Amino acid sequence: DGVYYTDGGDPFRFSATEGLWSQDSKVFEGSGAARVWAKDLDLKVDNFRYDQILKKVDVPGAIKGKLSGGDIQAGGFWYQLSDSAFFMGKTTWMGQLDQTADPSKKGPSRWTIKADSTQRASKSDVEVSKNAWATDGDVILKANMIERNVKTDVVVATGIADRV
């Protein structure tokens with residue numbers, strides 16, 4: 001088990017049944033029933049690598065759990081502990097958003113966003129999904145890029161976009 005405290009004092013925790021620490025490179029590799037979690041994420045993974053010098057967590061394989069208020073499944077993941085930037089491979093995210101695709105409906109709706117990749121830049125509230133598909137159950141959006149602001153729940157499709 002380990003914990004890293006961000007500059008703001010927030011804990012980022014990780015655990016695994018097996019681990020290997022390198023004092024020279026300041027790298028911890030965890031495997032077997034591994035988990036990484038913090039304020040906005042809680043992920044189960046097969047293995048991970050924590051680099052204390054770079055302040056970065058890398059997960060080379062599949063992830064499953066909670067991220068940005070929803071359920072996440074993705075292939076590959078890295079997370080920059082110093083600024084909350086991240087990148088994921090093939091992604092499926094499902095969660096509640098205050099926005100609906102139908103303006104006649106009010107209140108939150110459950111959205112699913114699937115993409116070839118999803119990332120969040122340094123200290124940003126916007127998650128960018130490339131070659132993405134999103135639906136609230138009534139409307140399906142397909143676009144080169146779908147942006148989701150995690151603070152305002154606004155979803156924007158850009159590039160070649162289709163409303164199916």
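The rules behind each value
- Residues numbered from 1 in each chain as written.
- Predicted model: local features only at pLDDT ≥ 70, side-chain atom pairs only at ≥ 80, totals over all residues.
- Heavy atoms only, no water.
- Helix = DSSP H or I, 4+ residues; strand = E, 2+ residues; numbered from the N terminus.
- Rg over C-alpha atoms; globule rule 2.2 N^0.38 Å.
- Buried < 20%, exposed > 50% of the residue type's maximum accessible area, 1.4 Å probe, protein only.
- Contact = heavy atoms within 4.5 Å.
- Areas by Shrake-Rupley, 256 points an atom, 1.4 Å probe, with all protein chains shown as cover.
- Lys, Arg positive; Asp, Glu negative; His and termini not counted.
- Charge placed at Lys NZ, Arg CZ, Asp CG, Glu CD.
- Core = buried A, V, L, I, M, F, W, Y, C linked by side-chain atoms within 4.5 Å.
- Salt bridge = Lys/Arg side-chain N within 4 Å of Asp/Glu carboxyl O.
- Phe/Tyr/Trp six-rings, centres within 6.5 Å; stacked < 30°, edge-to-face > 60°.
- Lys NZ or Arg CZ within 6 Å of the ring centre and 35° of its normal.

(A) Broad picture of the overall build of the protein. For the protein, the helix and strand inventory stands at zero helices and 15 strands. In summary, the protein has a C-alpha radius of gyration of 17 Å against a globular reference of 15 Å for 164 residues, a match within 12%. If you line up the protein on its principal axes, its C-alpha atoms span 55 × 30 × 25 Å. Relative to its full complement of 164 residues, the protein shows a buried share of 39%. Here the analysis covers contacts within the protein between residues at least 6 apart in sequence; of these, 30% occur between residues at least 24 apart. Accessible surface computed for the protein: about 8800 Å², of which carbon and sulfur atoms make up 51%. Each charge class in the protein can be summarised by its mean position, and for the 22 positive and 23 negative side chains these summaries are 2 Å apart.

(B) Up close: the nonpolar core. Counting 35 residues, the largest nonpolar core has Phe12, Leu41, Phe48, Ile63 and Phe77 as its most contacted members. Sequence-distant contacts of Ile63, defined by excluding residues within four places in its chain, comprise Leu43, Lys44, Val45, Ile72, Gln73, Ala74, Phe77 and Met88.

(C) Looking closely at the environment of Asn144. Tracing the backbone through its elements, the reader meets Asn144 in strand β13 (residues 140-149). Relative accessible area serves as the criterion here: at 37%, Asn144 is assigned to the partly exposed category. Each C-alpha atom of the pair Asn144 and Ile160 lies 5.8 Å from the other, and the pair is 16 residues apart in sequence. For Asn144, the residues in contact, after removing those within four places along its chain, are Ser129, Lys130, Asn131, Ala132, Thr158, Gly159 and Ile160.

(D) Inspection of the pattern of salt bridges at higher detail. What the rule picks out here adds up to nine salt bridges. For Lys66, the salt bridge goes to Asp71, with nearest N and O atoms at 2.4 Å. Accessibility expressed as a relative area gives 25% for Asp71, which makes it partly exposed. Note that Glu127 and Arg120 form a salt bridge whose closest N and O atoms lie 3.7 Å from each other. Judged by relative accessible area, Glu127 falls into the buried class, the value being 5%.

(E) Local environment of the packing of aromatic side chains. Counted under the stated rule, the structure contains eight aromatic pairs. Taken together, the aromatic side chains of Tyr4, Phe14, Phe28, Phe48 and Tyr50 make up a single cluster linked through ring pairs. One Lys or Arg, Lys56, reaches over the ring of Trp78 and ends 4.7 Å from the middle of that ring. The positively charged end of Arg148 is found above the aromatic ring belonging to Trp93, 3.9 Å away from the centroid.

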